[in-house]
Amino acid sequence: MKAEARATTAAGTGSRTGTTRGAAPGTPPLTERQEARRRRILHASAQLASRGGFDAVQMREVAEAAEVALGTLYRYFPSKIHLLVATMQDQLDHLHTTLRKRPPATSSPSERVAETLMRAFRALQREPNLADAMVRALTFADRSVSPEVDTVSRQTTAIILDAMGLNAPTDRPTPEQLSAVRVIEHTWHSALITWLSGRASIAQVKIDIETVCRLIDLTSEDPKTP
């Protein structure tokens, strides 16, 4: 899939009339027109990032590409960082939907999570400029972007828990499992940064991801087993 098509899909995935994806609790739902405008903005952001990375995403250019006033853009996203983190939210939504349609076939939870994260990594690998822009936004995010960053973290957690088979409302991960998930998230994020900076190969990333995912097996063991 080409960058433009994938960006369009990602910007629209998970968005429904009357919902605000990644919005702060208590935020009024968007109208159909507002949601369409938001999708255009995210589409424009993803396109610009895919072409030129972080520096290419300029708020005025995003507004022009999305055909919205600059003031309107800032009402939706107070800063470039807010915008790019929201772009990552939509990319993860799109990825999660794809993974649910084609889940890993391996039987071991740790292997399923490793395969899932490597599929996510390869999706980002196909769009290195976009990946770099989103990761830099997460890295630069201050406290004002905390709700949006927390949403990205929850999305990543949900993807991992789905791969573990803990996706039903009645499934409650143990504290140990949640701790393992957090470590896996940190490792995946760090591996992405080191790959983007040219300090790690895809082969090394795969080894690191598979290694950290073995924590899932350790936290799934029966504590009564000697």
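Residues numbered from 1 in each chain as written. Predicted model: local features only at pLDDT ≥ 70, side-chain atom pairs only at ≥ 80, totals over all residues. Heavy atoms only, no water.

Engineer: Help me understand the overall build of the chain, please; the structure alone is not making it clear to me.
Structural biologist: On a plain count of helices and strands, the chain comes out with 10 helices and 0 strands. Beginning at the N terminus, the succession of helices and strands in the chain can be written as α-α-α-α-α-α-α-α-α-α. For the chain, with 226 residues in total, the buried portion stands at 44%. Of the contacts formed within the chain by residues at least 6 apart in sequence, a portion of 71% connects residues at least 24 apart. Accessible surface, the chain: about 11900 Å² in total, of which carbon and sulfur atoms supply 53%. (Helix = DSSP H or I, 4+ residues; strand = E, 2+ residues; numbered from the N terminus. Buried < 20%, exposed > 50% of the residue type's maximum accessible area, 1.4 Å probe, protein only. Contact = heavy atoms within 4.5 Å. Areas by Shrake-Rupley, 256 points an atom, 1.4 Å probe, with all protein chains shown as cover.)

Engineer: Can you help me understand the packing of helix H8 (residues 146-164) against helix H9 (residues 175-196) in this one?
Structural biologist: The relative placement of two packed helices is expressed as an angle between their axes plus a distance between the axes. Where H8 meets H9, the closest approach of the two axes is 10 Å, and the angle between their N-to-C directions is 115°. By crossing handedness, the relation of H8 to H9 is classed as right-handed. Two secondary-structure elements touch here, H8 through Ser153, Thr156, Thr157, Ile160, Leu161 and Met164 and H9 through Gln177, Val181, Ile184 and Glu185. When grouped by side-chain class, the residues that make up the contact of H8 with H9 number 5 nonpolar, 4 polar and 1 charged. (Axes fitted to C-alpha atoms, helices over the stretch in contact; angles between N-to-C directions. Left-handed = near helix turned anticlockwise from the far one by under 90°. Nonpolar A, V, L, I, M, F, W, Y, C, P; charged D, E, K, R; others polar.)

Engineer: Where do I start with empty space enclosed by the protein in this structure?
Structural biologist: Inspection of every chain in the model, using the stated rule, returns 2 cavities of 30 Å³ or more. Taken as a whole, the largest cavity spans an internal volume of roughly 40 Å³. As for the largest cavity, its lining consists of Leu92, Leu95, Leu117, Ala120, Thr156, Ile159 and Trp188. Its residues assigned to classes, the lining of the largest cavity comprises 6 nonpolar, 1 polar and no charged. (1 Å grid on protein atoms, 1.4 Å probe; cavity = no way out; pocket = protein on both sides within 12 Å on 5 of 7 lines; lining within 4 Å. Points joined across faces, edges and corners; volume = space filled by probe spheres on them.)

Engineer: Explanation requested: helix H5 (residues 80-101) in the structure shown.
Structural biologist: Along an α-helix, a turn takes 3.6 residues, which lines up residues three or four apart on a common side. Here H5 spans 32 Å end to end across 22 residues, near enough to the 32 Å set by a 1.5 Å rise per residue. Here H5 lies mainly inside the structure; 18 of its 22 residues are buried. Two to three positions downstream of the cap, the backbone nitrogen of Ile81 sits 3.3 Å from a side-chain oxygen, assigning the N-cap of H5 to Ser79. (Expected span 1.5 Å × (residues − 1). Polar contact = N/O pair within 3.5 Å; in protein donor to acceptor, adjacent residues only side chain to side chain.)

Engineer: Looking at this structure, how should I read the environment of Asp90?
Structural biologist: Here Asp90 shows up in helix H5. A residue is classified by how much of its surface remains accessible, and Asp90, at 1% relative accessible area, is buried. Once the C-alpha coordinates of Asp90 and Leu42 are considered, the two residues, 48 residues apart in sequence, prove to be 8.2 Å apart.

Engineer: Even after reading the chapter, I still don't get the pattern of salt bridges, so can you show me in this structure?
Structural biologist: Where charged atoms of side chains with opposite charge meet at close range, the side chains can pair. If you walk through the whole model with that rule in mind, you get 3 salt bridges. A salt bridge links Asp162 to Arg100; its shortest N-O distance comes to 3.1 Å. Of this pair, Asp162 sits in helix H8 while Arg100 sits in helix H5; the two residues are 62 residues apart in sequence, bridging distant segments of the chain. Judged by its relative accessible area of 57%, Arg100 falls in the exposed class. (Salt bridge = Lys/Arg side-chain N within 4 Å of Asp/Glu carboxyl O.)

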